[in-house]
Amino acid sequence: MRLSWRRSSDAEDRFEQWIAEQHQRRVLAGETNPSRPCPDEKFLQDLARRSPNISLSDPRIDHAATCRACMSRLLALRQEQRSGRQKVIAAAAASCALLVVAVLVGRYASQGRQTTENAVISQTVDLWDAGTVRGEQPGQLQSVSLPAAHIDLTILLPRHSAPGQYLVAITRDQNGNGVVAEGHAPTEAIGEKQQITTIIDLSKAQAGQYFLSTTHEQDQAAYYYPLQVR
């Protein structure tokens, strides 16, 4: 016959617990007389965890139930098992909490990256004193530098630039090949100067050398300036 554990009512459980506590008190007080030698540690461990491999007819059960030393060891083993389960539960809860934290951190980091990528940065390029050399020859501007981002770009056009609608492009060479980004904008007069403002998306551009071009859409005059994307 193997050990089995039936389900009972709350009243029965309380009554059986009371009887067990009374018997346990008597055993620990040395008021019982166990027979036979004490069973080994392996048997007590199996009994403490209610192993189904133990038969109710096993005489070692009677001994353990009436022996003060065995009863003390059984209580200690049961306590160790409860502590072990609590540690497992605590570890599982901690793992779940860490997982939740990791997910939230990842989500916020992703949102932060998206916010950074989608943020529009205002930049101004001053070409007022730059040479206006047409076609394949680059202008006399020493350096134009823009970040790899969404840019609200204001360009102060070179002297004597005609008003009207302009195409602004970022290209890989001064021939207009390999357009990386472009935008359209009309001129705005600021005193004697003309400027244009447009949104340029360089968020996916690799750092390196490019060309910034401005093309007056009426006469298709294109001017190129060396550009460093950082």
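Overview of the structure. Small disclaimer: the values here were computed from a predicted structure and weren't measured.

Describing the environment of Asp129
Alright, step 1. Along the chain, the position of Asp129 falls in the loop between strand S1 (120-126) and strand S2 (144-146).
Alright, step 2. Each C-alpha atom of the pair Asp129 and Leu157 lies 8.8 Å from the other, and the pair is 28 residues apart in sequence.
Alright, step 3. Side chain to side chain, Asp129 and Arg159 meet in a polar contact 2.8 Å long.

What about the packing of aromatic side chains?
Alright, step 1. By the definition in use, this model includes 0 aromatic pairs.
Alright, step 2. Here the basic side chain of Lys193 rests over the ring of Trp128, its NZ or CZ set 5.1 Å away from the ring centre.

Looking at the sheet that holds strand S6 (residues 188-190)
Alright, step 1. Spatial ordering of the open sheet is given by S1-S3-S7-S6, a layout of 4 strands whose pairing is mixed. The open sheet has two edge strands with one neighbour each: S1 and S6. Recorded for the sheet is a direction-independent mean angle of 30° between the axes of neighbouring strands.

Brief notes about the packing of helix H2 (residues 41-48) against helix H3 (residues 59-66)
Alright, step 1. Running from N to C, H2 and H3 cross one another at 80°; their axes reach a closest spacing of 11 Å. Classified by the angle their axes make, H2 and H3 are roughly perpendicular. Contacts between H2 and H3 involve Phe43, Leu44 and Leu47 from the first element and Arg60, Ile61 and Ala64 from the second.
Alright, step 2. Of the residues in the contact of H2 with H3, the class split is 5 nonpolar, no polar and 1 charged.

Overview of H2
Alright, step 1. The complete set of buried residues in H2 reads Phe43, Leu44, Asp46, Leu47 and Ala48.
Alright, step 2. Arg50, located one to two residues past H2, shows a positive phi value of around 60°.

Structural notes on the pattern of salt bridges
Alright, step 1. Scanning all chains against the criterion turns up 4 salt bridges.
Alright, step 2. We note a salt bridge from Arg73 to Glu41, for which the minimum N-O separation is 2.5 Å. Residue Arg73 is found in helix H4 (residues 68-118), and its partner Glu41 is found in helix H2; the two are separated by 32 residues along the sequence.
Alright, step 3. Judged by relative accessible area, which is 32%, Glu41 ranks as partly exposed.
Alright, step 4. In this structure, Asp46 engages Lys42 in a salt bridge whose closest nitrogen and oxygen atoms are separated by 2.8 Å. Highlighted residues: Asp46 and Lys42, both in helix H2, separated by 4 residues, approximately one helical turn.
Alright, step 5. A relative accessible area of 10% places Asp46 in the buried class.
Alright, step 6. Within this structure, Glu41, Arg73 and Glu80 form a network of salt bridges that share partners.

Description of the pairing of strand S8 (residues 208-216)
Alright, step 1. Among the 9 residues in S8, 8 count as buried, and that is most of the element.
Alright, step 2. Where S8 meets strand S9 (residues 221-229), 9 bridges bridge the pair, whose relative direction is antiparallel. Counterpart to Thr214 in the pairing with S9 is Tyr223.
Alright, step 3. The turn joining S8 and S9, which pair antiparallel and follow one another in sequence, is formed by 4 residues; a positive phi near 60° is taken by Gln220.

A look at the sheet that holds strand S5 (residues 179-186)
Hydrogen bonds between backbone atoms are what pair the strands of a sheet, whose relative direction is either parallel or antiparallel.
Alright, step 1. The mixed open sheet is built from 5 strands, whose spatial order is S2-S9-S8-S4-S5. Single-partner strands in this sheet number two, and they are S2 and S5. On average, each strand axis in the sheet is tilted by 30° relative to the strand beside it, whichever way the strands run.
Alright, step 2. As defined by bridge partners, strand S4 (residues 165-171) adjoins S8 across 6 bridges and the pair is classed as antiparallel. Pairing of Tyr166 across the sheet is with His216, part of S8.

Thoughts on the nonpolar core
Alright, step 1. In terms of nonpolar packing, the biggest core is built from 25 residues, with Val125, Leu153, Ile155, Ile170, Leu202, Leu212 and Leu227 touching the most fellow members.
Alright, step 2. When contributions to this core are tallied by element, the ones reaching two or more residues are S2, strand S3 (150-156), S4, S5, strand S7 (193-201), S8 and S9.
Alright, step 3. Sequence-distant contacts of Ile170, that is, excluding residues within four places in its chain, are made with Gly178, Val179, Val180, Ala181, Ile200, Leu202, Tyr210, Phe211, Leu212 and Leu227.
Alright, step 4. Core analysis: the second largest hydrophobic core is formed by 11 residues, Leu44, Cys67, Cys70 and Leu77 among them.

Some details on the side chain of Thr198
Alright, step 1. Mapping Thr198 onto the fold places it in strand S7.
Alright, step 2. Separated by 3.4 Å, the side chain of Thr198 and the backbone oxygen of His184 make a polar contact.
Alright, step 3. Apart from residues no more than four positions distant in its own chain, Thr198 is found in contact with Ile151, Asp152, Leu153, Val168, Gly183, His184 and Ala185.

Criteria and thresholds
Residues numbered from 1 in each chain as written. Predicted model: local features only at pLDDT ≥ 70, side-chain atom pairs only at ≥ 80, totals over all residues. Heavy atoms only, no water. Helix = DSSP H or I, 4+ residues; strand = E, 2+ residues; numbered from the N terminus. Polar contact = N/O pair within 3.5 Å; in protein donor to acceptor, adjacent residues only side chain to side chain. Phe/Tyr/Trp six-rings, centres within 6.5 Å; stacked < 30°, edge-to-face > 60°. Lys NZ or Arg CZ within 6 Å of the ring centre and 35° of its normal. Pairing = 2+ DSSP bridges. Axes fitted to C-alpha atoms, helices over the stretch in contact; angles between N-to-C directions. Parallel < 35°, antiparallel > 145°, perpendicular 65-115°, else oblique. Contact = heavy atoms within 4.5 Å. Nonpolar A, V, L, I, M, F, W, Y, C, P; charged D, E, K, R; others polar. Buried < 20%, exposed > 50% of the residue type's maximum accessible area, 1.4 Å probe, protein only. Salt bridge = Lys/Arg side-chain N within 4 Å of Asp/Glu carboxyl O. Core = buried A, V, L, I, M, F, W, Y, C linked by side-chain atoms within 4.5 Å.

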